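Given next are the chains, with one letter for each unit.
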Amino acid sequence: MSYDLLVFSPENAPTERAAFLDWWDQTSEWEEDHDYDDPAVSTPRLRAWFVEMINTFPAMNGPFSQEELPANESTVTDYSIGQFAIYAAFAWSNAEAAYDHVFKLAAKHGVGFFDASSDTGAVWLPDGNGGLKLAHEAGAATDA
């Protein structure tokens with residue numbers, strides 16, 4: 001069991017909740033015709049997010065994995081990299097730090113953020129001002 005977060009290309013994912021969840025279900029089938037450990041297949045903003053992200057949460061697999069594990073092995077993260085989404089599976093012991101770091105870098109790089117492990121499944125989109133705004137979550141009266 002892992003703590004799972006997703007960043008995605010906001011131009012390539014629906015903004016309405018039901019459509020977004022359907023898109024995520026389809027995306028998470030991982031049926032694209034490539035390996036899922038190389039960011040070369042992703043959009044430029046997702047690649048930039050990934051390259052900065054692995055400085056703090058190193059990649060477990062792929063061309064960016066390290067031969068020697070870092071001093072804090074619990075930071076090693078399993079990334080599944082698609083064209084329009086990067087799924088990251090973190091150790092639960094790093095859940096809070098992972099959330100904060102993924103969220104901060106998602107805002108910086110202008111990508112969407114999906115809290116896949118939360119009860120509400122909150123989805124955040126770039127706000128046009130270098131931040132993120134809540135788009136929708138479970139239990140909300142209306143989608144934003």
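Attention shifts here to the nonpolar core. Trp-49, Tyr-79 and Phe-90 are the most contacted members of the largest nonpolar core, which totals 24 residues. Breaking this core down by element, the ones donating at least two residues are strand 1 (3-8), helix 2 (44-53), strand 2 (78-81), strand 3 (85-90) and helix 3 (95-109). Element by element, the count of residues in this core is highest for helix 3, at 6 residues. Residues in contact with Trp-49, not counting those within four places in the same chain, are Val-7, Tyr-79, Ile-86, Val-102, Leu-105, Ala-106, His-109 and Val-111.

Right, let's talk about helix 2 for a bit. Within helix 2, burial applies to Leu-46, Trp-49, Phe-50 and Met-53. Buried residues along helix 2 cover an arc of 95 degrees about the axis, so they all sit on one side. On its buried face, helix 2 is in contact with strand 1, strand 2, strand 3 and helix 3.

What follows concerns the pairing of strand 6 (residues 132-136). The pairing of strand 5 (residues 123-126) with strand 6 spans 4 bridges and is classified as antiparallel. If you follow Trp-124 over to strand 6, its bridge partner there is Leu-134. Connecting strand 5 to the next strand, strand 6, in antiparallel fashion are 5 residues, including Gly-128 with a positive phi near 85 degrees.

Turning our attention to the sheet that holds strand 2. Within the open sheet, the 6 strands sit side by side as 2-3-1-4-5-6. Their pairing is antiparallel. At either end of the open sheet lies a strand with only one pairing partner, and these are strand 2 and strand 6. Direction aside, the axes of adjacent strands within the sheet are offset by 20 degrees on average. In this sheet, strand 4 (residues 112-114) lies alongside strand 1 in antiparallel orientation, the contact comprising 3 bridges. Bridge assignment links Val-7 to a residue of strand 4, and that residue is Phe-113.

For the rest of this paragraph, the subject is the packing of aromatic side chains. Under the defined criterion, the tally for this structure stands at 18 aromatic pairs. When the centroid spacing of 5.1 Å and the interplanar angle of 80 degrees are considered together, the rings of Phe-50 and Tyr-79 count as edge-to-face. In this pair, Phe-50 sits in helix 2 while Tyr-79 sits in strand 2, placing the two residues 29 residues apart along the sequence. Grouping residues by exposure puts Phe-50 and Tyr-79 together as buried. Ring geometry for Tyr-99 against Phe-103: centres 5.9 Å apart, planes inclined by 15 degrees, an arrangement best described as stacked. Of this pair, Tyr-99 and Phe-103 both sit in helix 3, 4 residues apart, roughly one helical turn. According to the relative accessible area criterion, Tyr-99 is partly exposed, its value standing at 22%.

Moving on, we get to the pairing of strand 3. Summarising burial for strand 3: 6 of the 6 residues are buried, a large majority. Neither face of strand 3 is open: one carries Ala-85, Tyr-87 and Ala-89, the other Ile-86, Ala-88 and Phe-90, and all of them are buried. Alignment of strand 1 against strand 3, held across 6 bridges, turns out to be antiparallel. Its bridge partner being in strand 3, Phe-8 is matched across the sheet by Ala-85. As defined by bridge partners, strand 2 adjoins strand 3 across 4 bridges and the pair is classed as antiparallel. Looking at strand 3, one finds that Asp-78 is bridged to Ala-89. Hairpin connection of strand 2 to strand 3: 3 residues between the antiparallel strands.

Cut-offs used in this document
What you see as residue numbers is a count from 1 along each chain, following the sequence as written. It should be noted that, the model being predicted, local features are given only for residues of pLDDT at least 70 and side-chain atom pairs only at 80 or more, the latter also being counted only at that level, while totals for whole chains, interfaces and linings use all residues. Note: side-chain values were computed over all heavy atoms of the structure, leaving out hydrogens and water. The set of buried Ala, Val, Leu, Ile, Met, Phe, Trp, Tyr and Cys residues whose side-chain atoms join them within 4.5 Å is what this entry labels a nonpolar core. Three exposure classes are used, based on accessible area relative to the maximum for each residue type with a 1.4 Å probe and protein chains only: buried under 20%, partly exposed in between, and exposed over 50%. In this description a helix means any DSSP run of H or I spanning at least four residues, a strand means any run of E spanning at least two, and both kinds are numbered starting from the N terminus. For this analysis, residues touch if any pair of their heavy atoms sits within 4.5 Å. Note: the arc covers the axis-to-C-beta directions of the helix. What makes two strands pair is DSSP finding at least two bridges between them. For helices, the fitted line uses only the C-alpha atoms of the stretch in contact; every axis is such a line through C-alpha atoms, and the angle between N-to-C directions lies from 0 to 180 degrees. Aromatic contacts are taken between Phe, Tyr and Trp rings whose centres are within 6.5 Å, Trp giving its six-membered ring; a plane angle under 30 degrees counts as stacked, one over 60 as edge-to-face, and the others as tilted.

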